[in-house]
Structures are given as structure tokens and as C-alpha cells.
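Letter by letter, the chains look like this.
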There are 2 protein chains.
Amino acid sequence: MLDAARRLGVDVDSVCGGRGICGRCQVVPTFGAFAKFGVESRSEHLSMPGSVETTDYRPRRVLAPGARLGCAATILGDLVIDVPAASQVHKPVVRKSVNLDGLIVDPTIRLHYVELPTTELGEERSDLRLLQDALREQWSLSTTAISSAALIALQPALAAGKRTITVGVHSGGRVTAVWPGFVDVAYGVAVDVGSTTVAGHLCDLTSGEVVASAGRMNPQIRFGEDLMSRVSYVMMNPGGEVELTASIRQALDELVEEFVEQAATTRDHVVDLVFVGNPIMHHLVLGIDPTPLGVAPFALATDLPVDGMATEIGLDLRFATFHALPCIAGHVGADTAGAILNERPFEADHHVLLIDVGTNAEIVLGDRNGLLAASSPTGPAFEGAQISCGQRATAGAIERVRIDRTTLEPRFKVIGAEMWSDEPGFAEATATTGVTGVCGSGIIEVVAEMFLAGIIAHDGTISGSTGSPRVVADGRTFAYVLRGPLDGRPEDQLRIAQNDVRAIQLAKGALYAGCRLLMEHAGIDAVDEVLLAGAFGSHIDPIYALVLGLVPDCDPANVRAVGNSAGSGAARALLSATARAEIAGVAREVTKIETAIEPRFQEHFVGAMGIPHATDPYPQLAAVVQLPIRRPAAERADRPRRRAR
Amino acid sequence: MLDAARRLGVDVDSVCGGRGICGRCQVVPTFGAFAKFGVESRSEHLSMPGSVETTDYRPRRVLAPGARLGCAATILGDLVIDVPAASQVHKPVVRKSVNLDGLIVDPTIRLHYVELPTTELGEERSDLRLLQDALREQWSLSTTAISSAALIALQPALAAGKRTITVGVHSGGRVTAVWPGFVDVAYGVAVDVGSTTVAGHLCDLTSGEVVASAGRMNPQIRFGEDLMSRVSYVMMNPGGEVELTASIRQALDELVEEFVEQAATTRDHVVDLVFVGNPIMHHLVLGIDPTPLGVAPFALATDLPVDGMATEIGLDLRFATFHALPCIAGHVGADTAGAILNERPFEADHHVLLIDVGTNAEIVLGDRNGLLAASSPTGPAFEGAQISCGQRATAGAIERVRIDRTTLEPRFKVIGAEMWSDEPGFAEATATTGVTGVCGSGIIEVVAEMFLAGIIAHDGTISGSTGSPRVVADGRTFAYVLRGPLDGRPEDQLRIAQNDVRAIQLAKGALYAGCRLLMEHAGIDAVDEVLLAGAFGSHIDPIYALVLGLVPDCDPANVRAVGNSAGSGAARALLSATARAEIAGVAREVTKIETAIEPRFQEHFVGAMGIPHATDPYPQLAAVVQLPIRRPAAERADRPRRRAR
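Residues numbered from 1 in each chain as written. Chains lettered and ligands numbered in written order. Predicted model: local features only at pLDDT ≥ 70, side-chain atom pairs only at ≥ 80, totals over all residues. Heavy atoms only, no water.

Undergrad: Residues and numbers for the packing of aromatic side chains, please.
TA: All names here are of chain A. For the structure shown, the criterion picks out 12 aromatic pairs over all chains. On the numbers, 5.8 Å between centres and 80 degrees between planes, the contact of F412 with F426 is edge-to-face. A residue pair is termed long-range when its members are at least 10 positions apart, and F412 in strand β20 (residues 410-414) and F426 in helix α9 (residues 426-429) qualify at 14 residues. Each member of the pair, F412 together with F426, is buried. The ring of W420 has R411 lying over it, and the distance from NZ or CZ to the ring centre is 4.7 Å. (Phe/Tyr/Trp six-rings, centres within 6.5 Å; stacked < 30°, edge-to-face > 60°. Helix = DSSP H or I, 4+ residues; strand = E, 2+ residues; numbered from the N terminus. Buried < 20%, exposed > 50% of the residue type's maximum accessible area, 1.4 Å probe, protein only. Lys NZ or Arg CZ within 6 Å of the ring centre and 35° of its normal.)

See below:
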């Protein structure tokens, strides 16, 4: 199995080199019919555990339930195998940081220390009433409610704290946490539940400090790489939403565990959790069947903020409340609400275009006079899927590309190594990871560079007449060999094929069309600022985004990546009750544009397939572009210029 | 095992007579150390399953997990064995009915049918917002919240009902239930969680009709017969409250199942549950460790009403809310609040004494000007415990006794048979049950009759000089043989021994002292009405209660049993939001009297040990008593009359 994993480029760890000693290559076979893969994964397609696993290994270490040693198990037929995160060398690079500039900490849960009188026989009040009276007298708080967990914990805490306790009070009215004695630290969790990764932060609710950050792959990936395939899973497997919900809730709970360990605290000190996510993730965390989001009219179950106890969403956090930011529309989720909260276009006095690119691109346009939002079906090409050499943004993936305008020779950088491929030491730096594929930002760059180097034309066709040995015939079209022996077999190369360029053209056409549609609704022709949110937005070079025409023309100085805005927005809502109320109001007022029913969207889309000329309609780009552009031979001839759109 | 059960008088069913065919005698052995019984119950103390259980029986029927056939398993040493309710011939007689006179139905949960517009692409509102808007427009309801279960159910119901749904709305503000289409029936459950029995009713929330009633033994009995032994169990087994909570919650869930079956409905149509119970049961259902209630100062965790979702207290009722009536004091529980709500002493313009006798007696005294409450430690004698021939009120128990004033011969009635023991056909009528013991009401009657027949004196001493062969020597005291051969062995007889009379004297002394203490606090010398609530109160004859001096003197016409007032109060709170609010206010204003710190309680208690003379201090009883009284020989002599108190 370990051999197969290596051959397929699947990341499975091993320290002992397959000797059945280290146990790092533990994998979990899953059996059943997997329509998605067209595979019947049967137990007889896997060798039975032999002596390496049963006799040699087990006595020394623990093999997880259901797990096999990848180095010892032999594949005999079609199989579906899970590689747990712990068995991966390259844990996903969750490069999400948090931006809390200007935030005034004002948490929903506040701590209050109280000393209760020792009760004596004949005391007329219960301990809860004594607590309520103390909160009223000592803190001027009128608490009328208490969570069941806090009520259960009240008397033990009073006993342990010798009648002194600290309570967490939600919105000044509801006791939700109780600890013995004096406690001055409580934590909150802010999570962005993405389709691919789940990442978040543990924040000190008093100081606002981010004390731990962690991320992991969304384990739902086993049910389908992209969102729609997960919805299909539910449609084809009634009750499948329960599995999906359990899967994501478990990942959240593991994330909490990681936070608690990092911060050396306990789960009882986590008192609040805010999450954002696209509509499907948002609904699944809440246990809502997302099927209606997969078919027109893509109706949300709720577009209001959702509050509850964390135990209601399956988290082992008895004292924690949870808050889900509101979704905005069927394809515009609470993650977009988080990004809006963080970037605050609703306060801008210029036109802000806020874009978060994933499988769909969520687009928000507006200023202090109002916001418009839409979702464009970009597909997964920007994430490296549907690209022949594409892969996720993990170590070993090419993320930066430059092509010499004259020689057409490429150089590149991979995630996990600092130097370019033409610098000394590159081979050593990438020895463990290899160079395994091209991630989303790398694909944008390589296609843009191919365009700038004249390898592809405005209509996206790869030219066969460059004279470079790197451009090779590929059936009836051509491909550009980015890496690998030029005379080698295609499977030993990383190539950009014509279909890869077409996939990027479709994706960027959809994104651009969505932006133009909102601009039309807003009655504007240009935007003043473009904010690129999310992992993809953080890693593409804005210049290349403009070169390819992903976004409307704008002064490149005003096109900038804003990182994981959604996650930062979640953290803001965690740390500020004011922010929480603010985004609830703003989200409700956003005007939703449904691209699917707008005929103009299709027109923009068709028109945006080509790669724009730098000078027209991109005058601002032309004014600053630093990249020499080499025209393809076909265009350098004196033919009339085709308008890309 | 079946033989042992029969020899010990334990009720185990059998139809095939021990042939290993019927499976009615299934019992569940439990292994471990049982400090309560001083028993180490070991698996080797029970025979292994033999061919009867494994080969003959199993293929035909199902043996429950962990169960053994009582007729096939052989006891080889000390054992603890559970007899499931299903394996008992005589299911407990749960004689609790409901009294809802004058109730105006006004449930907390109301049903509202709404038709939502079919959403089309471009609809800006989520389904929840469409629902909220429809409730506002069609029902003038401003709902701002929805339970997670209702939110999860919303879209599936809209799909199944073709955009028509019925919702249950709590207090006009929170959607807690959702069904497809038009639904006009919803049920609520009212339960009285007693230490011995758990009984309740399923009510139609629209009509107020009681559609099902059921009861069962409290399964916590395995942890201790009375409340304090269950608290001791928790004290000695840290975490034991979790077991006790799970046990009572399971019983509640089974009760719900029984209701649902009786009413031929589904769990999804049960939308509300109200429960009452003594403080320990109340806290255990809520998952609160009752340990503080077992030691001074007997502090309640909460004396406020508790609201939540039924799932929070472990019930499989996704759409049901729950409401616990408030406890009043450490020994005066939500059951007393229920009784107060039902009997409404807070509206009376005369002095009402409301008494609920169990292991403790809860006593409420007052009128429209205010209520006082206390609990008296009567002990379990009134329930037949600590009485040599005592037993619970199940079939076969003597419940009525008459003793001929001249011959001193007894006659009696047993539960489950209609005729008296001296009537023809009695032997046949009791053939299956036998005459197994004396229940609480029977003990009151036999002791009172013994007094009235001159067998016992005012100080409670059984006279050895009656000349009747029924009064036999019993060590240094005497005993009255109620049943069995007069010349037989004591173990073949049912006898009332001197210690039994003393136990009743202690119990009634405590009850009387509690009543007097409250009367003193109220500044009154007599009460106008005495209401006897609960199973015991329902079955004792008020005249005998007065004869023995259980309660203060009162016109016997105004001493009456009011049945399961607590359960009826729970049903009122279930069916009327007004009643729910009313008792919350009344309970809060009750003045609590703690008998343990009142020196006068001890004085009253000591003074109340004797059996009162009918004429003094019981003039009202003397005026109406129809029972001829024969003075014991010792008193008939011309000795100065001893004052019983």
C-alpha cells in the first residue's frame, strides 16, 4: 500500500522505510460501494494482517482500530483508503492568520467573581437564587437564566471554592459557565469551516489575544472533494447528512482539543465558539440537511445568526455557547459575512470589490450606501483541481512560475522551499517533498506567464510555432512542459495542456462575469479597490490576476490580498458583541444577486473567456505593468486584433 | 432462582411453571459489591447457562441481553438480581388519577398552520425568515427563536407538506416543533416523579383531555428503597448521581413510550413535558448531584422553575420542551408546588392544611394571606416499611382492617380483591395473590382498630391481658396476630408487634408535630380543612387518621383525600401557561419552616407520641366518631388517666 501511495503521489509518512517498526504509515481501509470513484472497495481486495502487523508490530505500539500498516498491507484489488492526518508527512499548510486591527474587545461572555454567603439551616433561598442576588448586588447584573451545565456545576463549584465562584455570563443575562474560586481567564474559539480545511483560533476573551491557531483538512473530503459532490452524496444516501455532520463536528472537536493542548488549558475554560462557513458547511455543522442548497432555488434553511450551546452541535464543551454568523444567500455563506465584517466595505466611501475564491467565488461589491453580493460558479480549477498537473497547496506544489521571454525556459518555486528552481541547493531543499504538481496560485502564474511570453494567444490557444522544445504536441493541441525530461513520457512531466488553460479561462471568465454583473447592478464602470480574500487570494500575485483578467481593471496598488478574512471576521464576532450585532444587521441588508437568473451574467461570461489585452480594457494595468510582454508569433503578424471580449 | 424468589415473596412471573418455555421469569443478575445489602454479588455465585437456556429456550424466544431464566439459573452464593417490571405478575398498582376541575386550557405550546410561498430563484429570504414573516402576517406572532430540532426539520417538512407546515410555538415567541401540512393535535406529558413510583398522563394540549395514563416503579429503587439511601449511594459512589439520573431518565422515556403507544401517536407529536417531584428526584432528573440535599443545610441548587428542551434531560423527544415546577425548600419539592397549584390554598379564606405523606411528610398551611411549608421526617413506616409485616401497596396487601370490639377477631380486605376476609369467596379471590402483608393504609387501620378495641393503650403498649388468643407473647412484649394459625410459627403469621406500633407512633408523632409547628407559626389553634394528598392520603380513612392523631383535630367532614394532587398540579401547569406562572409566583412567596432548627418541633414531637383520647384534644372527632371504643382493661380500672400528650 505504501508503494502504491508513493506511486500515486499520495502523502503517507514513514520513518522506518517500510520495516513495520515506526507505525507512521497507518492507514484506514474503508469498504463498500463508492459511486464517486466508481469503485467497489472490498475487504478481500486487501491482504489479511500478516505477522508483521500482528506479531512484530502490535506488541510494541498501538495500531488504531481499523487501521493497517501501509508498509505491510498488500493491495489485491480496488480499494478506498483513508490516510489520517497523523499519517501524512505534509500536514496541510493551513496558512490562515488573523487580522484584528482596530478591534475593541467586548466579548459576549464575561467573567464575574462572586462570594456567596455560607448557607445555614433555615436559609430561604436556593444556591441559584443566592447567586442571582449576588450578581445583582455585586455586579448590577440581572441574570434570569442559567444553562443546565452551569446549574449542574453550581453546587460542586460552591463546595470546592468554599462559597466563592466565578461565573461566565452571556449577554449580561444568562449564566453559562461556573468555576470554583477566582478565575480570570476564559477562552473562545473562532473557526472558519471550509470545504477543504477547517481552521481557527483560540482567543483569550479578556485580552483578545490569539493564544493558539490550528487547522486541519475537512474530513468530509472522503465524501466528495467539492461541495456539490458532498450534497450528491446526501441525495444518493438518505441520511448521509448525519454522517457528514458527525464528520465535521468531530473535526471541530479535534480542533478544540488541539487548541486546549496548545494553550495548556482545559475544555471547561472554553466558553464561546463562533463559526463561519459556506452555506453547506454552515448548515451541516448545525445538523441541517444541505440538500435544498444543491438544487434551485438554493434555499437556505436560515439566513439569521444562530445561537445555542456548543453541546447542541456535538462539541464536548459543556460551558461553551456557540454563535454562527448569518449566511447571506444560497451560495453566499457566513464566511462571506465574516469577510464583510473584517473588511468593512459597508463603511467605505469608495467602491470596494471583495472576492473570496474557492470552488465558488463569493463576490461583494459596495460602499457605505449599500452592498451587493453574488456567487460565481468558478469551479475548482483555481484550487488546482481539474488541472492535469494540479494539486492542493501542500508542500511540493509549485506556487510561483516565471518564464523567460526569450528562451521560454521556466523557473519556479515550490511550497516548503525558499529558493527558485534555478538557484543552487534547490534539489536538496526539495529532496523530501519532491515537486509534485502545481497549486492554484501556480496555475494562475504559469498561464499568465505563458501568455506574457507569447506561448498562448488572447483566445487561450497554445501556439505550436514558438520554436521552443518545451511546447510539445499533445494530441491535436499543444502543451507546455513545465518540468521533467523534455523527451520523457508525459507521466514523468508536469505539463500545462490546452485543456488546463481552457479550465482556467472558464474559471476566470465566471469570476470576471460575476464582478461585472454586480458593477452593472451598482451602476458603476470601475471599482476603486479589490480585496482578495481566502487562501487563493492570499497567494496569487494581484498583477497576474489582472493580467489574466480575473478581476476588473483597477490600480494594481489597490488590489490586495487580505488573508483569511472570513476567519478573522469570526474572531471579531467572538471578541466583540458589538461586531456580532453589527454583521447581523449588515448581512440582512445585503442585496443578493442570483447569477443563474441574470441573462447578463451569461453574456459577461462568454465575453470574458479570452485573456484581455493589457492596454484595453485594462488601462490601469497597462500603466504600471512591469512585466515585459512578448506577443505570440500569430499575433505579431499584422492581422486585425481579435477582441478577447 | 425462581424458587428463591417465591420463598422470599419476590414477585416473579411464570406461566409454564418453571419448564423453561414461557420466558416470563427473565431476571437480570447484577454483579459487584453492594454495600447497601452487605453483599458481594459474584458471577460464580450463579450457575452458567445450561442447555435449557442455551439450546431449548433461545431458538424459540428472545432472552434479553444479560438476562437469565429464573427457572433455569441456580443460585450458588450471594447475589443481587433485578426483576424487570415485565417479569412481575403484579405490576405496581399506580392508582394516580388526575383532577383538572375548573381548569381553563391555555397551553404554553400552541399550534399554528402556515402556508409559505414557493421560493423561486432570487428569493432573498431563507425558509426560516419566510416562516417568521408568515407567522407575523397570518398569526400576528413575533417569533425570534427556533429550536435546533425545529430548524433541522423545517426544510424537510416544507418539502413534504408542499410548502404548508404546522409549527408549535412556545410562549408565542419560539418555534419548537415543525410538521408537514396541517396538524391539529399535539400532546403534552405531565409526570410526578416519586421516589417509589413515576406516574403521569398524556394530555391533548388543545382539548385538555387526558388521553393516556401510566405509571411504573422508580427503577432507582435498586440504589436504595428510600431517598436518603439513594443520596448515600451517591456519597459513597462518586459519580453515582450519573447512574441515578440515567436510571430515572430512562424510566421517563419508557413512560413516554407507553403514552405514545396508548394514544397511537408518535414521539414527534409530544411537544411539552412538565414534571414535579421531591427535591432529590427533581434535581436528579435535571442531572444535578443531590448530595447537598442529604446534609444540612439541605440547600437546593435551584428553587426556580426550570425550562429547557426535553432532549437536555435525556428524553428522545426532539420537539418537546420541558418545564420543572419550582422546588420550595430543601425538603419541600416541586411535587408540593404541584399540590399547592392543584388545591389552591392560596385562594382560600379559611385555614387549609395540605399534607402529602411519603417518607417525609410535606405540610403546607395557610390561606389567601400566605402559606407556610415544612417537611416532617415521618420515616417510611406509613409506606409499610420498618413494619414487620409491612409491604408496598401492591396486590395481596391488606389495606382495610376491622377488629370486633368484643371478640377481638379481625377481618380485612386486600388489594386486588373486592370482599372482606370473612365473606364467602375470599379464599378464591385471593388465590393468585395470596395475603402477603399489610400496606400503609392497612397499618394505620389495624393500629387504630387495636386502639379502639382496647388492645393497645393510649401510650401504645399492647396489652397482654385482653384474654384474646390473638394477643400472643413476643419476647418481653406482646403482638396481635392478624392472620395465620394462632398456634403457628411467627413466620407463618402476619402479626402486629409492639415495635410496629412504636414505628407508627414515631411517624404520626412527627407528622402531627410538623402540623402543630406550622399552626404555631400561623398563630392559629385549629385548622378548618385538612387535605390528604398522595397515594397514602388517598387510601387512609380520614377517621382513622384522626383516631390515631396523625393530623390536628378537625371536623371529619372537612378531612378529605385529594388524590395525586402533585400530578394533577403538573397537568395543570402543562395545560395552562397561566397556572405555570401562578405557581412560580406563589412558590416564591411561601414561608419555609425548617423543623430541624425549631426547638418547638421536638417538644411537639415528644408530646404527640401517644394516641390521643378521642374527647381531648379532639373534640370534633369525639362529636362525630361512629366507632365504638373499648377501653383496655388497664385503663378501665380507676387509675388516673395518663395524658398521651
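After that view, the rundown keeps rolling.
Undergrad: How would you sum up the nonpolar core? Please name residues and give values.
TA: Membership of the largest hydrophobic core comes to 215 residues, with the highest contact counts inside it found for A:L131, A:F275, A:I340, B:L131, B:F275 and B:I340. Not counting residues within four places of it along the chain, the set of residues in contact with B:F275 comprises B:V191, B:V193, B:H282, B:V285, B:L286, B:I313, B:F322, B:H323, B:A324 and B:L325. (Core = buried A, V, L, I, M, F, W, Y, C linked by side-chain atoms within 4.5 Å. Contact = heavy atoms within 4.5 Å.)

Undergrad: Any details on the sheet that holds strand β4 (residues 68-69) of chain A? Residues and values, ideally.
TA: Residue and element names in this part refer to chain A. Across the sheet, 3 strands lie side by side as β4-β1-β5; this open sheet has antiparallel pairing. Here the strands that pair on one side only, and so sit at the sheet edges, are β4 and β5 (80-82). In terms of strand pairing, strand β1 (residues 26-30) meets β4 through 2 bridges, oriented antiparallel. Residue pairing across strands places Q26 opposite L69, the latter belonging to β4. (Pairing = 2+ DSSP bridges.)

Undergrad: Provide a residue-level description of the pattern of salt bridges, including the pertinent values.
TA: In the structure shown here, the tally under the stated rule is 59 salt bridges over all chains. In this structure, B:K592 and A:E124 form a salt bridge, with 3.8 Å as the shortest nitrogen-oxygen distance. With one member in each of two chains, B:K592 in strand β27 (residues 591-592) and A:E124 in the loop between β6 (109-115) and α3 (127-139) form a pair that bridges those chains. Judged by its relative accessible area of 12%, B:K592 is buried. Of the residues examined, A:E124 reaches a relative accessible area of 31% and is grouped as partly exposed. Connected through shared salt-bridge partners, A:E123, A:R125, A:D133 and A:R136 make up one network. (Salt bridge = Lys/Arg side-chain N within 4 Å of Asp/Glu carboxyl O.)

Undergrad: Could you give me a rundown of unusual backbone geometry, with the residues and numbers involved?
TA: A cis geometry characterises the amide bond from A:A296 onward to A:P297, with omega recorded as 5 degrees. Among the structural elements, A:P297 can be located in the loop between α7 (279-285) and β14 (306-309). The phi dihedral of A:K162 is positive, around 50 degrees, even though this residue is not glycine. Relative accessible area serves as the criterion here: at 70%, A:K162 is assigned to the exposed category. A positive phi angle is found at B:F298, which is not glycine, with a value near 55 degrees. Along the polypeptide, B:F298 turns up in the loop between α8 (291-294) and β14 (306-309).

Undergrad: Outline the side chain of A:R405, listing residues and values.
TA: Residue and element names in this part refer to chain A. Checked against the element boundaries, R405 lands in the loop between β19 (397-403) and β20. There is a polar contact of 2.6 Å between the side chain of R405 and the backbone oxygen of I403. A polar side-chain atom of R405 sits 2.8 Å from a polar atom in the side chain of E449. (Polar contact = N/O pair within 3.5 Å; in protein donor to acceptor, adjacent residues only side chain to side chain.)

Undergrad: Describe a nonpolar patch on the surface, and please don't skip the residues or the numbers.
TA: Residues and elements named next belong to chain A. A cluster of nonpolar side chains, namely M235, M236 and V295, defines an oily patch on the protein surface of about 280 Å² accessible area. Mapping M236 onto the fold places it in helix α5 (residues 227-236). For M236, a relative accessible area of 57% puts it in the exposed group. (Patch = residues over 30% accessible without salt bridge, like charges linked within 9 Å, V, L, I, M, F, W, Y side chains within 5 Å. Areas by Shrake-Rupley, 256 points an atom, 1.4 Å probe, with all protein chains shown as cover.)

Undergrad: Outline the pairing of strand β18 (residues 370-376) of chain A, supporting the account with residue identities and numerical values.
TA: Residues and elements named next belong to chain A. For β18, the buried fraction is high: 6 of the 7 residues fall into the buried class. Where strand β17 (residues 361-367) meets β18, 7 bridges bridge the pair, whose relative direction is antiparallel. Each residue of the ladder has a partner; that of V364, found in β18, is A373. Taking the residues that link successive antiparallel strands as the turn, the β17-β18 hairpin has 2 residues. Sheet topology note: the β18/strand β27 (residues 591-592) ladder contains 2 bridges and is parallel. Of the residues in β27, the one forming a bridge with A373 is K592.

Undergrad: Tell me about the environment of A:G370, residues and numbers included.
TA: All names here are of chain A. Topologically, G370 is positioned in strand β18. Owing to a relative accessible area of 38%, G370 belongs among the partly exposed residues under this scheme. Through-space distance from the C-alpha of G370 to that of A503 is 34 Å; in sequence the pair is 133 residues apart.

Undergrad: Describe the interface of chain A and chain B, naming the residues involved and giving the relevant values.
TA: Every contact between the two is made by 39 residues of chain A and, on the other side, 39 residues of chain B. A combined buried area of about 3,200 Å² lies between chain A and chain B, and 57% of that area is made up of carbon and sulfur atoms. Run the count over chain A and chain B and you get 4 salt bridges. If you look at where chain A meets chain B, you find 16 residue pairs in polar contact (both at pLDDT 80 or more). Elements supplying a minimum of two residues to the side of chain A that touches chain B: α3, α4 (148-160) and β27 of chain A. No other element matches α4(A), which puts 5 residues into the side of chain A that touches chain B. A breakdown of the residues in the side of chain A that touches chain B according to their chemical character gives 19 nonpolar, 9 polar and 11 charged. (Buried area = accessible area lost by both parts, 1.4 Å probe. Nonpolar A, V, L, I, M, F, W, Y, C, P; charged D, E, K, R; others polar.)

Undergrad: Explain helix α6 (residues 240-262) of chain B residue by residue, including any values.
TA: The end-to-end C-alpha distance of α6(B), which contains 23 residues, comes to 33 Å, matching closely the 33 Å that a straight helix rising 1.5 Å per residue would cover. With its phi angle positive at about 50 degrees, B:A264 sits one or two positions after the end of α6(B). (Expected span 1.5 Å × (residues − 1).)

Undergrad: Break down the environment of B:P326 for me, with residues and values.
TA: Residue and element names in this part refer to chain B. Positionally, P326 belongs in the loop between β15 (321-324) and α9 (334-343). Owing to a relative accessible area of 1%, P326 belongs among the buried residues under this scheme. A sequence separation of 50 residues divides P326 from V276, and the C-alpha atoms of the two residues are 8.2 Å apart.

Undergrad: Now, about the packing of helix α12 (residues 498-522) of chain B against helix α17 (residues 599-607) of chain B: what can you tell me, with residues and values included?
TA: Residue and element names in this part refer to chain B. Running from N to C, α12 and α17 point in directions that differ by 135 degrees, and their axes come no closer than 8 Å. Viewed along their axes, α12 and α17 adopt a mutual orientation that is oblique. When you trace α12 past α17, the crossing you get is right-handed. For the pair α12 and α17, contact is made by L506, G509, A510, A513, G514, R516, L517 and E520 and by R600, F601, H604 and F605, respectively. Residue classes in the contact of α12 with α17 are distributed as 6 nonpolar, 3 polar and 3 charged. (Axes fitted to C-alpha atoms, helices over the stretch in contact; angles between N-to-C directions. Parallel < 35°, antiparallel > 145°, perpendicular 65-115°, else oblique. Left-handed = near helix turned anticlockwise from the far one by under 90°.)

Undergrad: Which residues make up helix α16 (residues 577-589) of chain B, and what are the values?
TA: Residues and elements named next belong to chain B. Taking 1.5 Å of rise per residue, the 13 residues of α16 would be expected to cover 18 Å, and the 19 Å separating its terminal C-alpha atoms lies within 8% of that figure. Within the span of α16, buried status applies to A579, R580, I583, V586 and A587. The buried residues of α16 all sit within an arc of 135 degrees when viewed along its axis, so they share a single face. The exposed set on the far side of α16, more than 90 degrees from its buried face, consists of T578, A581 and E589. The opening residue of α16 is S576, an N-cap whose side-chain oxygen sits 3.3 Å from the backbone nitrogen of T578. (Arc of directions from axis to C-beta.)

Undergrad: Can you tell me about the relation of the copies chain A and chain B, naming the residues and giving the values?
TA: Once chain A is rotated about the relating axis by 180 degrees and shifted along it by 0.1 Å, it coincides with chain B to within an RMSD of 0.2 Å. Both copies of the chain, as the preceding transformation shows, are related through a two-fold rotation axis. Looking at the rotation axis and the C-alpha trace of chain A, the residue lying nearest is A:E312, at 4.6 Å. Same-surface contact between copies: 100% of interface residues of chain A are shared with the interface of chain B. (Least-squares fit on C-alpha atoms with pLDDT ≥ 70 in both.)

Undergrad: Please give an account of the packing of helix α5 (residues 227-236) of chain B against α6(B) that cites residues and values.
TA: All names here are of chain B. Axis separation between α5 and α6 bottoms out at 7 Å; the angle between their running directions is 135 degrees. It follows that α5 is oblique to α6 by the angle criterion. Seen from α5, the contacting residues are R230, Y233 and V234; seen from α6, they are G240, E241, E243 and L244. The residue inventory of the contact of α5 with α6, partitioned by class, reads 3 nonpolar, 1 polar and 3 charged.

Undergrad: Break down the sheet that holds β14(B) for me, citing the residues and quoting the values.
TA: All names here are of chain B. Strand order in this open sheet of 6 strands is β12-β11-β10-β13-β15-β14, and the pairing throughout is mixed. Lying at the two open borders of the sheet, with one neighbouring strand each, are β12 (210-217) and β14. When strand polarity is set aside, the average angle formed by the axes of neighbouring strands in this sheet is 15 degrees. Examined bridge by bridge, strand β10 (residues 187-193) and strand β11 (residues 197-204) share 7 bridges and lie antiparallel to one another. Bridge pairing in β11 links Y187 to D204.

Undergrad: Break down the state of the cysteines for me, citing the residues and quoting the values.
TA: As enumerated under the stated definition, the model contains 0 disulfides over all chains in all. Here A:C554 is not disulfide-linked; the sulfur of A:C515 is the nearest cysteine sulfur, at 11 Å. Looking at A:C554, the relative accessible area reads 1%, which means it is buried. Cysteine B:C71 is unpaired, with the sulfur of B:C25 as its nearest cysteine sulfur at 3.8 Å. Given the relative accessible area of 25%, B:C71 is considered partly exposed. (Disulfide = S-S within 2.5 Å.)

These figures come from the coordinates and say nothing about function on their own.
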